[in-house]
Amino acid sequence: MNPVESKLTPGLYLIATPIGAARDITLRALDILAAADVLAAEDTRSLRKLMDIHGVALGERLLISYHDHNAIKVRPRLIAALEAGKSVVYASEAGTPMISDPGYDLARATVAAGHMLISAPGPSAAVTALTLSGLPAERFFFAGFLPNSSTKRKSAIRELAKVPGTLILYESPRRTAAMLKDAAEVLGGDRPAALCRELTKKFEEVLRGTLAELAEQAAERTLKGEIVVLVGQGDSGNVREIDIDRALQTALEGHSVRDAADMVAAELGLKRRPVYQRALELAKGAE
Ligand code: SAM
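Computed from a predicted structure; not experimentally measured.

The subject of this paragraph is the sheet that holds strand E8 (residues 192–197). Backbone hydrogen bonds hold the strands of a sheet together, and the pairing may be parallel or antiparallel. Pairing is mixed in the open sheet, where 5 strands are placed in the order E6-E7-E10-E8-E9. If you trace the sheet from one side to the other, it starts and ends with strand E6 (140–145) and strand E9 (205–210), each paired once. Put simply, the sheet's adjacent strands are angled 15° from each other on average, direction ignored. The sheet strands contacting helix H8 (residues 176–187) are strand E7 (166–171), E8 and strand E10 (227–231), and the helix crosses E10 at an angle near 10°. In the packing of helix H9 (residues 211–220) onto the sheet, contacts are made with E8, E9 and E10, and the angle to E9 comes to roughly 130°.

This is the structure we're talking about:
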């Protein structure tokens, strides 16, 4: 064992666990699991299994279940362990705690009570999918799970339409086809996208194409397993709208709304009607 971790400084240790391949656990996470005084996990059975695979004995130590449904009751117990000068490790069922998983309130309570908060980074499906998607990774926005109902989902997608980067979404396999269909409708079918399934597992699969193509493929088959959907920024959207607004604002300085719209539509090769509508809005806003 790494001697640095052989006696842990008291505090809460958030450890990332594999999202499929058990050997994706980090050496540091194993050190922390071996040395922590108290262990807490979203799913105690999964953590026990992971520890067994890697030969980390639980011994006489406490392994406490901590998840969304018992967090209010269990959190004070974990904070009390920190008060008593113990090291506490927390793992979610898979991946990184807090990323569409519990852990946020526990981390916040730890900091509020003046204890050390330590993160042992590792796997997360969001970043793994981003690196496989073929979509730009300079800027990305993780939006987690969208609402289940189509109406709410569409309005959530509308809010994301102008994000200047790659969107990363988690989705259940049962809803993926419907979600892709809604995304294609709201964002436009020509946006580049990727569907990443069962990452780091036996049936890992990455589909790349436009939103319309992926929506069609998803509708034609029964998707199984765990899924991340990514949507690229596309040619239309934020950059273009900003360009249109800038051009209109300049044109409106010396021309009527009608003329400004004509000029900008011609200059940018766009349909006149939406440009005219936008020019009207900008002109009204400036009044
Ligand atoms: N905390 C985890 C993380 O860091 O990725 C995410 C937990 S969230 C409850 C579970 C969702 O993550 C799944 O529904 C799926 O969208 C995504 N996910 C987790 N493991 C995955 C995998 N191996 N392949 C694809 N998506 C995965």
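The subject of this paragraph is helix H5 (residues 104–112). Burial in H5 covers these residues: Leu106, Ala107 and Thr110. All buried residues of H5 project into a common sector of 100° when viewed along the axis, lining one side. Each element contacted by the buried residues of H5 is listed here: strand E1 (11–15), helix H4 (71–83), strand E4 (87–91) and strand E5 (117–120). With its phi angle positive at about 80°, glycine 114 sits one or two positions after the end of H5.

With that settled, consider the site of the ligand. If you check the shell around the ligand, you find 19 residues, and the closest are Asp101, Ser124, Ala125, Tyr170 and Ile227. Contact distances for the ligand include 2.9 Å between an oxygen atom and a backbone N or O atom of threonine 96. Isoleucine 227 places a polar main-chain atom, nitrogen or oxygen, 2.6 Å from an oxygen atom of the ligand. For the ligand, the accessible surface in isolation is 580 Å², of which the surrounding protein chains cover 90%. Of all the secondary-structure elements, those providing two or more residues to the shell around the ligand are E7 and E10. Residues that form the shell around the ligand fall into these classes: 10 nonpolar, 4 polar and 5 charged. Residues from two domains meet in the shell around the ligand; each of domain 1 (11–123) and domain 2 (126–231) gives at least three.

A word on the nonpolar core. What tends to happen in soluble globular proteins is that the nonpolar side chains get buried as a cluster. Membership of the largest hydrophobic core comes to 24 residues, with the highest contact counts inside it found for Leu146, Leu180, Leu187, Leu195, Leu211 and Val229. Those elements that provide at least two residues to this core are helix H7 (150–160), E7, H8, E8, H9 and E10. With 5 residues, the single largest contributor to this core is H8. Beyond its immediate sequence surroundings of up to four residues, leucine 187 is in contact with Ile157, Ala161, Leu167, Leu211 and Val231. Judged by nonpolar contacts, the second largest core, of 21 residues, contains Leu8, Ala29, Leu33 and Val89.

This part covers the sheet that holds E5. As summarised here, the arrangement of the 5 strands in space is E3-E2-E4-E1-E5, forming an open sheet in which the pairing is parallel. Here the strands that pair on one side only, and so sit at the sheet edges, are strand E3 (62–65) and E5. In this sheet, adjacent strand axes meet at a mean angle of 20° when their direction is disregarded. Relative to E3, strand E2 (residues 38–41) runs parallel, the two sharing 4 bridges. Residue pairing across strands places alanine 40 opposite isoleucine 64, the latter belonging to E3. Sheet strands in contact with H4 are E1, E2, E3 and E4, and its direction is about 145° off that of E3. Against the sheet, H5 engages E1, E4 and E5, with an angle of about 155° to E1.

Here we come to the packing of H8 against H9. Taken N-terminus to C-terminus, the directions of H8 and H9 make an angle of 155°; their axes are 8 Å apart at the nearest point. Looking at the two axes, H8 sits roughly antiparallel to H9. In this structure, the crossing between H8 and H9 has a hand that is left-handed. Residue-level inspection shows Ala177, Leu180, Lys181, Ala183, Ala184 and Leu187 of H8 in contact with H9, the latter providing Leu211, Ala212, Leu214, Ala215, Ala218 and Ala219. Tallied by class, the residues present in the contact of H8 with H9 amount to 11 nonpolar, no polar and 1 charged.

This model, assessed by the stated rule, comprises 3 aromatic pairs. Judged by centre distance (5.4 Å) and plane angle (85°), the ring pair of tyrosine 66 and tyrosine 90 falls under edge-to-face. Here the residue tyrosine 66 occupies a position in the loop between E3 and H4, and tyrosine 90 occupies one in strand E4, the gap between them amounting to 24 residues. We note that tyrosine 66, like tyrosine 90, is buried. Ring geometry for phenylalanine 142 versus tyrosine 170: centroids 4.9 Å apart, planes at 70°, classification edge-to-face.

Definitions and cut-offs
Residues numbered from 1 in each chain as written. Predicted model: local features only at pLDDT ≥ 70, side-chain atom pairs only at ≥ 80, totals over all residues. Heavy atoms only, no water. Pairing = 2+ DSSP bridges. Helix = DSSP H or I, 4+ residues; strand = E, 2+ residues; numbered from the N terminus. Axes fitted to C-alpha atoms, helices over the stretch in contact; angles between N-to-C directions. Contact = heavy atoms within 4.5 Å. Buried < 20%, exposed > 50% of the residue type's maximum accessible area, 1.4 Å probe, protein only. Arc of directions from axis to C-beta. Near = heavy atom within 4 Å. Polar contact = N/O pair within 3.5 Å; in protein donor to acceptor, adjacent residues only side chain to side chain. Areas by Shrake-Rupley, 256 points an atom, 1.4 Å probe, with all protein chains shown as cover. Nonpolar A, V, L, I, M, F, W, Y, C, P; charged D, E, K, R; others polar. Domains from an automatic or database assignment. Core = buried A, V, L, I, M, F, W, Y, C linked by side-chain atoms within 4.5 Å. Parallel < 35°, antiparallel > 145°, perpendicular 65-115°, else oblique. Left-handed = near helix turned anticlockwise from the far one by under 90°. Phe/Tyr/Trp six-rings, centres within 6.5 Å; stacked < 30°, edge-to-face > 60°.

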